[in-house]
Amino acid sequence: MQTVVDGTRHSRVIAGVVRRDMRIDDEDIAEVEGFRVTSLIRTAFDVARTAAFDTAVSCADAALRRRAVSGQVVDAEADALWRAGARRLARPGLRGVRQGREVIEFADGRAQLPGESVSRVRLHQLGFSNYDLQVPITGAQGDRYWVDFAFLRARRFGEFDGKDKYLDPDLRTAVSPDEAVLAEKQREDDIRGVTGWSFVRWEYEHIRTPDALGARLAAFGVRPPG
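In what follows, the accompanying structure is described. (Residues numbered from 1 in each chain as written. Predicted model: local features only at pLDDT ≥ 70, side-chain atom pairs only at ≥ 80, totals over all residues. Heavy atoms only, no water.)

### So, the pairing of strand β8 (residues 131–138)
Which entries qualify depends on this criterion: For two strands to pair, DSSP has to find at least two bridges joining them. To qualify as a helix, a DSSP run of H or I must reach at least 4 residues; to qualify as a strand, a run of E must reach at least 2; elements of each kind are numbered from the N terminus.
In the sheet, β8 pairs with strand β9 (residues 144–151) via seven bridges, with the strands oriented antiparallel. Of the residues in β9, the one forming a bridge with Pro136 is Trp146. Here β8 folds back onto β9, and the loop between the two strands holds five residues, one of which, Gly142, carries a positive phi near 90°.

### What to know about the environment of Arg91
Quick reminder of the rule: Residue burial is assigned from relative accessible area. The probe radius is 1.4 Å, only protein chains are included, and a residue is buried under 20% of its type maximum, exposed over 50%, and partly exposed in between.
Structurally, Arg91 can be placed in the loop between α3 (76–89) and α4 (97–106). Residue Arg91 is classed as partly exposed on the basis of its relative accessible area of 36%. As for Arg91 and Arg101, which are separated by ten residues in sequence, their C-alpha atoms are 9.9 Å apart.

### A word on unusual backbone geometry
Even without a glycine there, the phi angle at Gln134 is positive, about 45°. Position of Gln134 among the secondary structure elements: in strand β8. Positive phi, close to 55°, is recorded for Arg155, a residue that is not glycine. Position of Arg155 relative to the elements: it lies in the loop between β9 and β10 (156–160). Classification of Arg155 as partly exposed rests on a relative accessible area of 44%.

### Brief notes about the packing of helix α1 (residues 40–50) against helix α2 (residues 53–68)
Condition: Helix axes are fitted to C-alpha atoms over the stretch in contact, other axes to C-alpha atoms as well, and angles between N-to-C directions run from 0 to 180 degrees. Angles below 35 degrees are treated as roughly parallel, those above 145 as roughly antiparallel, those between 65 and 115 as roughly perpendicular, and all remaining angles as oblique. Here a crossing is taken to be left-handed if its near helix is turned anticlockwise relative to the far helix by less than a right angle, and right-handed if that turn runs clockwise. A contact between two residues is defined here by any heavy atoms of the two lying within 4.5 Å. Each residue gets one of three labels, nonpolar for Ala, Val, Leu, Ile, Met, Phe, Trp, Tyr, Cys and Pro, charged for Asp, Glu, Lys and Arg, and polar for the others, Gly among them.
Look at α1 against α2: their axes get within 8 Å of each other, and the N-to-C directions meet at 160°. Relative to α2, the element α1 lies roughly antiparallel. Between α1 and α2 lies a crossing whose hand is left-handed. Residues Leu40, Ala44, Val47 and Ala48 of α1 touch α2, and the partners they reach there are Ala56, Cys59, Ala63, Arg66 and Arg67. Here the contact of α1 with α2 is composed, by residue class, of seven nonpolar, no polar and two charged.

### A few points about the pattern of salt bridges
What counts here: Salt-bridge detection follows one rule: a side-chain nitrogen of Lys or Arg within 4 Å of a carboxyl oxygen of Asp or Glu.
Scanning the entire structure with this criterion turns up 17 salt bridges. Note that Glu184 is salt-bridged to Arg201, the shortest N-O span being 2.8 Å. Taken together, the residues Glu184 in helix α7 (residues 177–195) and Arg201 in strand β11 (residues 198–202) connect sequence positions 17 residues apart. The pair Glu184 / Arg201 is uniform in exposure class, with both members buried.

### Remarks on the sheet that holds β10
Taken in spatial order, the four strands make up an open sheet running β8-β9-β10-β11, and their pairing is mixed. Looking at which strands have only one partner, the edges of the open sheet turn out to be β8 and β11. Averaged over all pairs of adjacent strands, the angle between strand axes in this sheet comes to 45°, irrespective of strand direction. Pairing of β9 with β10 involves three bridges; the strand directions are antiparallel. Across the sheet, residue Ala150 finds its bridge partner in β10, namely Phe157. Docked against the sheet, α7 engages β8, β9, β10 and β11, running at close to 140° with respect to β11. Along the sheet, helix α8 (residues 210–218) makes contact with β9 and β11, crossing β11 at roughly 155°.

### Some thoughts on the packing of α2 against helix α5 (residues 114–126)
Taken N-terminus to C-terminus, the directions of α2 and α5 make an angle of 130°; their axes are 9 Å apart at the nearest point. For the element pair α2 / α5, the angle class is oblique. For the pair α2 and α5, the crossing hand works out as right-handed. Contact residues: Phe53, Asp54, Val57, Ser58 and Asp61 in α2; Pro114, Ser117, Val118, Arg120, Val121 and Arg122 in α5. In terms of residue class, the contact of α2 with α5 is made up of five nonpolar, two polar and four charged.

In C-alpha coordinates, the structure reads:
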(Lines give C-alpha, C1' and ligand atoms only; values in the text may rest on other atoms or scores of the structure.)
Protein backbone atom coordinates (compact mmCIF):
# COMPACT_ATOMS: atom_id res chain seq x y z
CA MET A 1 0.00 0.00 0.00
CA GLN A 2 1.20 3.52 -0.77
CA THR A 3 0.16 6.86 0.68
CA VAL A 4 1.07 10.39 -0.36
CA VAL A 5 1.87 12.83 2.45
CA ASP A 6 2.31 16.43 1.40
CA GLY A 7 5.19 18.04 3.27
CA THR A 8 7.09 14.96 4.43
CA ARG A 9 10.82 15.20 3.83
CA HIS A 10 11.49 11.70 2.58
CA SER A 11 9.66 8.67 1.22
CA ARG A 12 9.70 5.89 3.80
CA VAL A 13 8.07 2.58 4.71
CA ILE A 14 6.25 2.11 8.02
CA ALA A 15 4.45 -1.17 8.81
CA GLY A 16 4.27 -2.09 5.14
CA VAL A 17 2.85 1.29 4.09
CA VAL A 18 4.98 3.32 1.68
CA ARG A 19 4.71 7.05 2.44
CA ARG A 20 5.83 9.25 -0.44
CA ASP A 21 6.71 12.93 -0.37
CA MET A 22 4.92 14.26 -3.45
CA ARG A 23 2.91 17.25 -4.54
CA ILE A 24 -0.46 16.31 -6.06
CA ASP A 25 -2.51 18.83 -8.03
CA ASP A 26 -6.16 19.17 -7.03
CA GLU A 27 -7.31 17.80 -10.41
CA ASP A 28 -5.41 14.58 -9.68
CA ILE A 29 -7.34 13.89 -6.47
CA ALA A 30 -10.62 11.98 -6.34
CA GLU A 31 -12.84 10.62 -3.58
CA VAL A 32 -14.00 7.01 -3.37
CA GLU A 33 -16.37 5.99 -0.56
CA GLY A 34 -15.16 8.89 1.56
CA PHE A 35 -11.45 8.28 1.00
CA ARG A 36 -9.22 10.74 -0.82
CA VAL A 37 -7.32 8.89 -3.54
CA THR A 38 -5.34 9.79 -6.61
CA SER A 39 -7.42 10.02 -9.79
CA LEU A 40 -7.61 7.13 -12.22
CA ILE A 41 -5.21 8.73 -14.67
CA ARG A 42 -2.74 9.77 -11.95
CA THR A 43 -2.81 6.27 -10.45
CA ALA A 44 -2.26 4.66 -13.86
CA PHE A 45 0.67 6.98 -14.56
CA ASP A 46 2.28 6.41 -11.16
CA VAL A 47 2.03 2.64 -11.69
CA ALA A 48 3.38 3.13 -15.22
CA ARG A 49 6.59 4.70 -13.93
CA THR A 50 7.18 2.52 -10.86
CA ALA A 51 5.95 -1.02 -11.60
CA ALA A 52 7.36 -3.72 -13.84
CA PHE A 53 6.61 -2.92 -17.49
CA ASP A 54 4.05 -5.71 -18.03
CA THR A 55 2.23 -4.84 -14.78
CA ALA A 56 2.27 -1.16 -15.73
CA VAL A 57 0.83 -1.88 -19.19
CA SER A 58 -1.95 -4.01 -17.71
CA CYS A 59 -2.94 -1.13 -15.42
CA ALA A 60 -2.74 1.50 -18.18
CA ASP A 61 -4.76 -0.66 -20.60
CA ALA A 62 -7.51 -1.10 -17.99
CA ALA A 63 -7.60 2.61 -17.18
CA LEU A 64 -7.71 3.59 -20.84
CA ARG A 65 -10.44 1.03 -21.48
CA ARG A 66 -12.62 2.62 -18.80
CA ARG A 67 -12.22 6.04 -20.35
CA ALA A 68 -12.16 5.44 -24.09
CA VAL A 69 -13.63 2.06 -25.05
CA SER A 70 -17.26 0.95 -25.22
CA GLY A 71 -17.54 -2.77 -25.88
CA GLN A 72 -14.71 -3.17 -28.39
CA VAL A 73 -15.10 0.25 -30.02
CA VAL A 74 -12.50 2.95 -29.31
CA ASP A 75 -13.58 6.56 -28.93
CA ALA A 76 -10.62 8.23 -30.66
CA GLU A 77 -11.22 11.63 -29.06
CA ALA A 78 -11.47 10.18 -25.54
CA ASP A 79 -8.35 8.09 -26.21
CA ALA A 80 -6.39 11.18 -27.28
CA LEU A 81 -7.59 13.18 -24.27
CA TRP A 82 -6.55 10.42 -21.87
CA ARG A 83 -3.07 10.21 -23.35
CA ALA A 84 -2.70 13.99 -23.29
CA GLY A 85 -3.70 14.03 -19.62
CA ALA A 86 -1.14 11.33 -18.83
CA ARG A 87 1.60 13.19 -20.72
CA ARG A 88 0.89 16.24 -18.57
CA LEU A 89 2.05 14.22 -15.56
CA ALA A 90 5.34 13.20 -17.17
CA ARG A 91 7.42 15.96 -15.65
CA PRO A 92 11.20 15.92 -16.24
CA GLY A 93 13.18 14.57 -13.31
CA LEU A 94 10.33 12.45 -11.93
CA ARG A 95 11.51 8.97 -10.99
CA GLY A 96 10.66 6.46 -13.71
CA VAL A 97 9.25 9.12 -16.05
CA ARG A 98 10.86 7.57 -19.13
CA GLN A 99 9.13 4.23 -18.61
CA GLY A 100 5.94 6.09 -17.70
CA ARG A 101 5.95 7.79 -21.10
CA GLU A 102 6.63 4.48 -22.86
CA VAL A 103 3.76 2.77 -21.09
CA ILE A 104 1.30 5.56 -21.89
CA GLU A 105 2.18 5.43 -25.58
CA PHE A 106 2.01 1.61 -25.60
CA ALA A 107 -1.33 1.41 -23.78
CA ASP A 108 -4.31 0.07 -25.72
CA GLY A 109 -7.79 0.07 -24.19
CA ARG A 110 -8.96 -2.74 -26.46
CA ALA A 111 -7.15 -5.26 -24.27
CA GLN A 112 -9.89 -6.77 -22.10
CA LEU A 113 -7.87 -8.81 -19.61
CA PRO A 114 -4.45 -8.55 -17.96
CA GLY A 115 -3.43 -11.67 -19.87
CA GLU A 116 -4.08 -9.87 -23.15
CA SER A 117 -2.06 -6.88 -21.97
CA VAL A 118 0.90 -9.04 -20.97
CA SER A 119 0.57 -10.90 -24.27
CA ARG A 120 0.96 -7.59 -26.10
CA VAL A 121 4.12 -6.85 -24.12
CA ARG A 122 5.56 -10.26 -24.96
CA LEU A 123 4.70 -9.83 -28.66
CA HIS A 124 6.44 -6.46 -28.61
CA GLN A 125 9.50 -8.02 -26.99
CA LEU A 126 9.51 -10.71 -29.67
CA GLY A 127 9.43 -8.13 -32.47
CA PHE A 128 5.84 -8.60 -33.65
CA SER A 129 4.21 -5.57 -35.23
CA ASN A 130 1.85 -6.71 -38.00
CA TYR A 131 -1.11 -7.89 -35.95
CA ASP A 132 -4.42 -6.42 -34.86
CA LEU A 133 -6.51 -6.54 -31.67
CA GLN A 134 -10.17 -7.32 -31.03
CA VAL A 135 -10.96 -8.12 -34.65
CA PRO A 136 -14.69 -8.29 -35.55
CA ILE A 137 -15.90 -11.39 -37.42
CA THR A 138 -19.41 -12.06 -38.73
CA GLY A 139 -20.40 -15.73 -38.65
CA ALA A 140 -22.27 -17.73 -41.27
CA GLN A 141 -25.64 -16.99 -39.62
CA GLY A 142 -24.86 -13.36 -38.85
CA ASP A 143 -23.46 -13.89 -35.34
CA ARG A 144 -20.93 -11.24 -34.29
CA TYR A 145 -17.64 -12.38 -32.79
CA TRP A 146 -14.49 -10.63 -31.58
CA VAL A 147 -11.09 -12.30 -31.74
CA ASP A 148 -8.27 -11.22 -29.41
CA PHE A 149 -5.45 -11.12 -31.98
CA ALA A 150 -5.13 -11.45 -35.75
CA PHE A 151 -1.71 -12.27 -37.21
CA LEU A 152 -2.13 -10.99 -40.74
CA ARG A 153 0.92 -12.52 -42.41
CA ALA A 154 0.37 -16.00 -40.92
CA ARG A 155 -3.44 -15.87 -41.38
CA ARG A 156 -3.93 -17.04 -37.82
CA PHE A 157 -6.17 -15.78 -35.06
CA GLY A 158 -4.69 -15.69 -31.56
CA GLU A 159 -6.62 -16.06 -28.32
CA PHE A 160 -5.43 -15.66 -24.76
CA ASP A 161 -7.34 -18.49 -23.12
CA GLY A 162 -7.36 -18.03 -19.36
CA LYS A 163 -9.21 -20.79 -17.56
CA ASP A 164 -11.40 -18.30 -15.69
CA LYS A 165 -13.62 -17.71 -18.71
CA TYR A 166 -14.65 -21.38 -18.45
CA LEU A 167 -14.56 -21.92 -14.68
CA ASP A 168 -15.59 -18.59 -13.12
CA PRO A 169 -19.41 -18.21 -13.17
CA ASP A 170 -19.03 -14.42 -13.04
CA LEU A 171 -17.00 -14.38 -16.26
CA ARG A 172 -18.39 -17.14 -18.43
CA THR A 173 -21.54 -16.61 -20.48
CA ALA A 174 -22.67 -20.26 -20.38
CA VAL A 175 -24.30 -21.95 -17.39
CA SER A 176 -21.66 -24.64 -16.89
CA PRO A 177 -17.99 -25.12 -17.80
CA ASP A 178 -18.91 -27.91 -20.25
CA GLU A 179 -21.37 -25.65 -22.03
CA ALA A 180 -18.80 -22.85 -22.11
CA VAL A 181 -16.25 -25.15 -23.79
CA LEU A 182 -18.86 -26.33 -26.33
CA ALA A 183 -19.91 -22.76 -27.10
CA GLU A 184 -16.27 -21.78 -27.64
CA LYS A 185 -15.76 -24.72 -30.01
CA GLN A 186 -18.84 -23.75 -32.01
CA ARG A 187 -17.63 -20.14 -32.14
CA GLU A 188 -14.20 -21.19 -33.38
CA ASP A 189 -15.68 -23.54 -36.00
CA ASP A 190 -17.90 -20.74 -37.30
CA ILE A 191 -14.98 -18.30 -37.51
CA ARG A 192 -12.79 -20.86 -39.25
CA GLY A 193 -15.56 -21.56 -41.73
CA VAL A 194 -16.13 -17.97 -42.81
CA THR A 195 -12.48 -16.82 -42.80
CA GLY A 196 -10.40 -19.88 -43.63
CA TRP A 197 -8.00 -18.86 -40.83
CA SER A 198 -6.93 -21.21 -38.04
CA PHE A 199 -6.33 -20.48 -34.35
CA VAL A 200 -3.45 -20.49 -31.90
CA ARG A 201 -4.34 -20.32 -28.21
CA TRP A 202 -2.16 -19.68 -25.20
CA GLU A 203 -2.51 -19.47 -21.43
CA TYR A 204 -0.72 -17.75 -18.54
CA GLU A 205 2.11 -20.27 -18.59
CA HIS A 206 2.93 -19.18 -22.14
CA ILE A 207 3.30 -15.48 -21.32
CA ARG A 208 5.68 -15.81 -18.38
CA THR A 209 8.56 -15.02 -20.75
CA PRO A 210 8.91 -13.88 -24.37
CA ASP A 211 10.58 -17.18 -25.28
CA ALA A 212 7.66 -19.20 -23.93
CA LEU A 213 5.14 -17.31 -26.03
CA GLY A 214 7.45 -17.32 -29.04
CA ALA A 215 7.73 -21.11 -28.88
CA ARG A 216 3.96 -21.48 -28.56
CA LEU A 217 3.30 -19.27 -31.58
CA ALA A 218 6.05 -20.86 -33.67
CA ALA A 219 4.47 -24.29 -33.15
CA PHE A 220 1.46 -22.95 -35.07
CA GLY A 221 3.44 -21.19 -37.76
CA VAL A 222 3.28 -17.68 -36.28
CA ARG A 223 6.65 -15.92 -36.27
CA PRO A 224 7.80 -12.30 -36.11
CA PRO A 225 8.94 -10.66 -39.34
CA GLY A 226 12.58 -10.89 -40.31
